[in-house]
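# Examining the three-dimensional arrangement
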Amino acid sequence: MPNQLSLEATKAATASETDAVFLTILTIFVDDVETLNFVNDKQNLVFGNKTFYAVGFTAVLPDQSSDGPNVCKLEIDNVDLSVYKTIKTAAVNHKITCDIGVVLSDQNVYEQGPLHFVLRNIKADKSVISGELHDLYMHDRKFTTITYSPEDFPGMFY
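Below: a short report on this structure.

Rules of the game
Residues numbered from 1 in each chain as written. Predicted model: local features only at pLDDT ≥ 70, side-chain atom pairs only at ≥ 80, totals over all residues. Heavy atoms only, no water. Salt bridge = Lys/Arg side-chain N within 4 Å of Asp/Glu carboxyl O. Helix = DSSP H or I, 4+ residues; strand = E, 2+ residues; numbered from the N terminus. Buried < 20%, exposed > 50% of the residue type's maximum accessible area, 1.4 Å probe, protein only. Pairing = 2+ DSSP bridges. Axes fitted to C-alpha atoms, helices over the stretch in contact; angles between N-to-C directions. Contact = heavy atoms within 4.5 Å. Phe/Tyr/Trp six-rings, centres within 6.5 Å; stacked < 30°, edge-to-face > 60°.

This part is about the pattern of salt bridges. Under the counting rule described, the total for this entry stands at two salt bridges. The salt bridge involving Lys 95 is made with Asp 32; its shortest N-O contact spans 3.2 Å. Of the two residues, Lys 95 is situated in the loop between helix 2 (81-93) and strand 7 (96-104) and Asp 32 in the loop between strand 1 (22-30) and strand 2 (33-39); the sequence distance between them amounts to 63 residues. A salt bridge links Glu 34 to Lys 50; the nearest nitrogen and oxygen atoms lie 3.3 Å apart. Separated by 16 residues along the polypeptide, Glu 34 in strand 2 and Lys 50 in strand 4 (residues 50-54) bring together distant segments of the chain. Residue class for Glu 34 comes out partly exposed when judged on its relative accessible area of 36%.

Rendered as structure tokens:
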């Protein structure tokens, strides 16, 4: 069964103007201990009882079509040396997992997710920390192949 957006999210997505923003949040666990919380935004976000720190990152998830990417990827901007050190230290002999979800900036509920992944094949250079996201049950999940247009979703376009 496909996930349904909340009424607030539907209103925000279809409004011509809104203050609500869809944000992606990322929680990184090292040996099942919550270690890092990030939001892909320019300001920190308090969600639940946790603070998610503003860090640029991209999570590429597969779509529902058969020609989607075979490997999911995570890229985190390498702007903070402490993030690099935490991930580099953990990558040696520890299990690193991630939860990724989509939330509405002014609500305190997940609109999508959280999706659970194992982070592997971690690489880092001066600009980005990257890795592959693996989920043993990824083939059971449905991801949208919808194309967004100004006619159907006027609130997403200027």
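What follows is about the sheet that holds strand 8 (residues 110-124). In sheet architecture, strand pairing relies on hydrogen bonds along the backbone and comes in two forms, parallel and antiparallel. Read across the sheet, nine strands follow the order 3-4-2-1-7-8-9-6-5 without closing on themselves; strand pairing throughout is mixed. Strands with a single pairing partner mark the edges of an open sheet, and in this sheet they are strand 3 (45-47) and strand 5 (57-60). Within the sheet, the average angular offset between the axes of one strand and its neighbour, ignoring direction, is 30°. Taken together, the three bridges between strand 3 and strand 4 define a ladder with antiparallel strand orientation. Paired with Val 46 across the two strands is Thr 51, which belongs to strand 4. Packed onto the sheet, helix 1 (residues 7-14) meets strand 1, strand 7 and strand 8 and runs at close to 70° relative to strand 7. Seen against the sheet, helix 2 touches strand 1, strand 2, strand 6 (72-77), strand 7, strand 8 and strand 9 (128-134) and runs at an angle of roughly 140° to strand 2.

In this structure the tally under the stated criterion is two aromatic pairs. Between the aromatic rings of Phe 47 and Phe 52, the centroid separation amounts to 6.3 Å while the plane-to-plane angle is 70°, which identifies the pairing as edge-to-face. Across the pair, exposure class does not vary: Phe 47 and Phe 52 are buried alike. Ring geometry for Phe 47 and Tyr 110: centres 5.1 Å apart, planes at 75°, overall edge-to-face. In this pair, Phe 47 is assigned in strand 3 and Tyr 110 in strand 8, connecting sequence segments 63 residues apart. Relative accessible area serves as the criterion here: at 7%, Phe 47 is assigned to the buried category. The exposure class of Tyr 110 is partly exposed, given its relative accessible area of 33%.

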